[in-house]
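Chains, contacts and geometry: an overview
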Amino acid sequence: MEENPGMAHKIILNNRNQGNLTGILDVISFDENTIVLDTDMGLLTIKGKDLHVNRLSLEKGEIDIEGRTDSLVYSAGGGAKSGESFFAKLFK
């Protein structure tokens, strides 16, 4: 997926239970305890409880999440740069 140079990476977290993120390139993995995102600032791991993805728009680089957020951790590297998205791998 090509990066959108006009989309800045931004995180808005309300009361640790609702979040809106921009600058998302791909969803690497997700379950109710962990969401791993490839962003234009590196890999972002979100950990918590009862996490849900309410809205995902990779075309716009946006994601809305819900659930108790316990931590946000960035790491170097990027999963989406390998060429295949999480969903492409899932439906092989």
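Parameters and conventions
- Residues numbered from 1 in each chain as written.
- Predicted model: local features only at pLDDT ≥ 70, side-chain atom pairs only at ≥ 80, totals over all residues.
- Heavy atoms only, no water.
- Helix = DSSP H or I, 4+ residues; strand = E, 2+ residues; numbered from the N terminus.
- Contact = heavy atoms within 4.5 Å.
- Buried < 20%, exposed > 50% of the residue type's maximum accessible area, 1.4 Å probe, protein only.
- Polar contact = N/O pair within 3.5 Å; in protein donor to acceptor, adjacent residues only side chain to side chain.
- Pairing = 2+ DSSP bridges.
- Salt bridge = Lys/Arg side-chain N within 4 Å of Asp/Glu carboxyl O.

Here the focus is the environment of Glu-32. With respect to the helices, strands and loops of the structure, Glu-32 is situated in the loop between strand E3 (24-30) and strand E4 (34-39). Along the primary structure Glu-32 and Val-53 are separated by 21 residues, whereas in three dimensions their C-alpha atoms are 9.3 Å apart. Glu-32 has contacts with Gly-48, Lys-49, Asp-50 and Leu-51, leaving out every residue within four places of it along the chain.

Okay, the environment of Arg-68 next. Within the secondary structure, Arg-68 sits in strand E6 (residues 62-75). Exposure remark for Arg-68: the relative accessible area of 41% places this residue in the partly exposed category. Sequence separation of Arg-68 and His-52 is 16 residues, and the distance between their C-alpha atoms is 9.6 Å. A distance of 2.8 Å separates polar atoms of two side chains, one belonging to Arg-68 and the other to Asp-70.

Sheet analysis places E3 next to E4, joined by five bridges and oriented antiparallel. Paired with Val-27 across the bridge in E4 is Leu-37.

So, about the side chain of Thr-39. Examined against the element boundaries, Thr-39 turns out to sit in strand E4. Separated by 3.0 Å, the side chain of Thr-39 and the backbone nitrogen of Met-41 make a polar contact. A polar contact is formed between the side chain of Thr-39 and the backbone oxygen of Gly-42, at a distance of 2.6 Å.

On to the pattern of salt bridges, then. On inspection of all chains with the given rule, the structure shows four salt bridges. Residues Arg-55 and Glu-62 are paired through a salt bridge, measuring 3.1 Å at the closest nitrogen-oxygen approach. For Arg-55, a relative accessible area of 31% puts it in the partly exposed group. Take Glu-62: its relative accessible area is 19%, and that puts it in the buried class.

Right, let's talk about the pairing of strand E2 (residues 18-22) for a bit. Every regular strand shows the same layout, with side chains that alternate between the two sheet faces. With five bridges connecting them, strand E1 (residues 10-14) and E2 associate as antiparallel partners. Pairing of Ile-12 across the sheet is with Asn-20, part of E2. Connecting E1 to the antiparallel partner E2 that follows it, the hairpin turn spans three residues, and Asn-15 within it adopts a positive phi of roughly 55 degrees. Of the pairings in the sheet, the one linking E2 to E6 comprises five bridges and is antiparallel in character. When the sheet's bridge partners are listed, Leu-21 is paired in E6 with Ile-63.

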